Each structure stands twice: as structure tokens, then as C-alpha cells.
Amino acid sequence: MPGRWVEGAGLVLGPVLLAAGVLLRIGEDDFFPGQLAAYAADPGRMALSYGLFAAGVVLLWPAVTALARLIRPTRPGWARWGLTLVVAGLFGRVFHAGVSHLAFQLVDALGPVAAQRAVETTYGAFHVFKATNVCIMVGWIVLAVGAYRAGALGLVRCVALGLAAGLPLGVLKGSSDPVSLVAPAGLAVALVPLGVTVLRNGPAPRWWVLGLGVAFVPVAFLLGLVG
């Protein structure tokens, strides 16, 4: 299990980073020609948007693990299937983020016209992560129903959690659709208060553990650049 501090951080930061990524690309066309054009016009903003979104997706893994643990004592089946489906969907979203990153690099290397042509001719190519699309849509609903039946979250927060199923999926997707804003907001309503509770319950970490945790992120990033 990830542990209380990782789970609490995921519950708080996951929805926040996801929402920040969505807000940074708001107003751009939802489909890949518009997303590529937006990157060509403002690469820093679009790269930050997709990076924050991807980071939020990764942090939702310990977040849903924490929620599934609350569901498991009384509704183990709902906890098991909800967690499995959501995490499989998160894997799919990380794959989509990688493909989107590559598409943006094509804009830098080939120019926006050639990059759009390359993406257009390969957009529907088969990949094994297509199977996770149904998990992306269904997983949050299963987890929300399980949370309600187990009494882990109230009705309003369970409905808010289920709204995450409406977050647009796929490669190079924008956020001009109102659902793109409602879905991360629902995640924040459902998970952030739980994250605050998780972080408050229990002793504070020792100073050196906290220092190592804070230092790990930039060190890992630098090692990744060197590698």
C-alpha cells in the first residue's frame, strides 16, 4: 500500500493538478488540429497544461487506493472492481499523455502542418490501451457506487466522484466542453476533503523523512534528464 502520506497527497494534489491542466488549455478547440495549433502558438502553456494533467492522473492512483480501502470492509467487491477499473483507466490516460507529448514534439521538429498530417494519418491506429477506454468511463461510476453503498462518502460527494467518468479521453483533447470543467471539479469535491482528513489523522512525519520526500522529486527529475 502507498501509505497515509502518499495517499493523502494524492487525494489533495491529484484533482488540483488535473483541474489546473484543464484550465490552462480552456478555450482551445477540443480536437487535435486545434490542440496542435495551440501548441504551435504557445508551446509553454500547452506543455505545462498537458504536464500538469498527466501528473494529476498519476497522483490519482494512491488517491483511489485510499478510497478503496474505506470501501473494502463492507463492500469488498465494489472496492476491488472499482479500484481495478479506475487504475486501468489511469494507465490508459498516461499512455494518451505520452502520445500527445510526442505529437507536440512533431510540431517542434516538422512544423504544425506536417505534424497535423502525421497525426491525422495515424490517429486511429490500433494499440492495446484502446481496451482501457471503457475502464476510463465505467471505473469512476463503479467506485462512486461502492463508496455510497459502503458509506465512505456522502451522496453529493459520490455523485461528484461519478462525474469524473465524463472527462474527455484520448489523445490531444481540449477542455472547451463544460463537462471538461465539471469532471475535475467533481473529483476535487469528492477527494480533497478526504485527503485533508487522511493527512490529519496520525502523527506527523519526522523532519528528515519529510526532507527526503521533498528532495526526491527534483532529484528524480534531474536523474531522468541525465538518463
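Because the structure is a prediction, the values reported are computed rather than measured.

(A) Seen up close, the overall build of the protein. Looking only at helices and strands, the protein features nine helices and zero strands. Sequence-ordered secondary structure for the protein, helices as α and strands as β, is α-α-α-α-α-α-α-α-α. Counting only C-alpha atoms, the protein reaches 55 × 40 × 30 Å along its principal axes. Taking all 227 residues of the protein together, the buried fraction comes to 37%.

(B) Molecular detail of the pattern of salt bridges. The tally for this structure, following the rule as stated, stands at three salt bridges. Of the charged contacts, one joins Arg69 and Glu7 as a salt bridge, the two residues approaching to 2.7 Å between their closest N and O atoms. Here the residue Arg69 occupies a position in helix α3 (residues 43-71), and Glu7 occupies one in helix α1 (residues 4-24), the gap between them amounting to 62 residues. The exposure class assigned to Arg69 is partly exposed, which follows from its relative accessible area of 27%. By relative accessible area, which is 3% here, Glu7 ends up buried. For Arg45, the salt bridge is made with Asp42, and the minimal N-O distance between the two is 3.2 Å. Overall, the relative accessible area of 31% leaves Asp42 in the partly exposed class.

(C) Expanded view of the UniProt feature "transmembrane region" (unreviewed entry) in the protein. The feature "transmembrane region" (unreviewed entry), as annotated in UniProt, sits at residues 48-71, 83-104, 124-145, 152-172, 178-200 and 207-226 in this numbering. Between the end C-alpha atoms of residues 83-104 there is a gap of 32 Å, over a span that is 100% helix and 0% strand. Taken end to end, residues 124-145 is 59% helix and 0% strand, and its first and last C-alpha atoms sit 33 Å apart.

(D) The packing of aromatic side chains, seen in detail. The final tally for this structure, using the stated rule, is four aromatic pairs. Seen in terms of ring centroids, Phe32 and Tyr123 are 5.1 Å apart; in terms of plane orientation they differ by 25 degrees. Their pairing is stacked. Linking Phe32 in helix α2 (residues 32-41) with Tyr123 in the loop between α5 (112-122) and α6 (133-150), this pair joins segments that are 91 residues apart in sequence. On the accessibility criterion, Phe32 (14% relative accessible area) is buried. Relative to Phe104, the ring of Tyr39 lies with its centre 4.4 Å away and its plane at 10 degrees, an arrangement referred to as stacked.

Criteria and cut-off values
Residues numbered from 1 in each chain as written. Predicted model: local features only at pLDDT ≥ 70, side-chain atom pairs only at ≥ 80, totals over all residues. Heavy atoms only, no water. Helix = DSSP H or I, 4+ residues; strand = E, 2+ residues; numbered from the N terminus. Buried < 20%, exposed > 50% of the residue type's maximum accessible area, 1.4 Å probe, protein only. Salt bridge = Lys/Arg side-chain N within 4 Å of Asp/Glu carboxyl O. UniProt positions renumbered as here; feature names shortened; annotations may be inferred. Phe/Tyr/Trp six-rings, centres within 6.5 Å; stacked < 30°, edge-to-face > 60°.

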